[in-house]
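The residues making up each chain are set out below.
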Amino acid sequence: MIRHLLHEAGTWVFVGLGDDPQRTAYDQAQRIQARGKKIIPVHPAGRPVLGEPGYTSLAEVPVEPDVVAVYRRSEFAGQVVDEAIAAGAKAVWLPIGVIDEAAAQRALDAGLDVVMDRCPAVEWALRRNP
């Protein structure tokens with residue numbers, strides 16, 4: 001499933017992605033974008049990031065995302081996962097340190113793929129060849 005998401009998912013919404021290149025979300029979005037994926041930033045500021053228009057909420061995103069990457073603290077992850085389910089996402093990705101078992105179960109119950117407590121860059125390096 002991780003290999004499929006990394007290689008086949010075309011649209012990644014990064015919730016918590018602002019325009020600060022020192023933040024992990026920025027680095028990960030830049031890496032995913034460099035691999036030919038469409039990234040969509042969602043952040044309260046709603047500013048463009050990495051050349052893509054920004055949105056202030058997941059509900060504003062005009063397309064159904066393949067993956068919603070949750071770059072928020074664990075206590076906010078459940079709300080974002082619920083919004084991802086409502087937005088028609090196919091998967092949610094909670095990076096290292098972002099853990100919400102109940103939210104992950106809700107996503108699984110809704111038919112989404114779930115990756116939790118994993119780094120996209122590390123997972124990509126482990127699966128370089130499709």
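Whatever comes next refers back to the structure up there.
Residues numbered from 1 in each chain as written. Predicted model: local features only at pLDDT ≥ 70, side-chain atom pairs only at ≥ 80, totals over all residues. Heavy atoms only, no water.

Undergrad: I'd like to hear about the pattern of salt bridges, residue by residue, with values.
TA: Pairing of side chains with opposite charge becomes possible as their charged atoms draw close. For the coordinates displayed, the defined rule picks out 7 salt bridges. One salt bridge in this structure joins Asp27 and Arg31, with 3.0 Å as the shortest N-O distance. With Asp27 and Arg31 both in helix H2 (residues 24-34) and 4 residues apart, this pair spans about one turn of that helix. Judged by relative accessible area, which is 27%, Asp27 ranks as partly exposed. Its salt-bridge partner being Glu123, residue Arg118 comes within 3.5 Å of it at the nearest N-O pair. (Salt bridge = Lys/Arg side-chain N within 4 Å of Asp/Glu carboxyl O. Helix = DSSP H or I, 4+ residues; strand = E, 2+ residues; numbered from the N terminus. Buried < 20%, exposed > 50% of the residue type's maximum accessible area, 1.4 Å probe, protein only.)

Undergrad: Now, about the pairing of strand S5 (residues 113-116): what can you tell me, with residues and values included?
TA: Relative to S5, strand S4 (residues 91-94) runs parallel, the two sharing 4 bridges. Across the sheet, the residue bridging to Leu94 is Met116, located in S5. As for the winding sense of the linkage, the β-α-β connection from S4 through helix H4 (residues 101-109) to S5 is right-handed. (Pairing = 2+ DSSP bridges. Right-handed = clockwise from strand over helix to strand, strands pointing away.)

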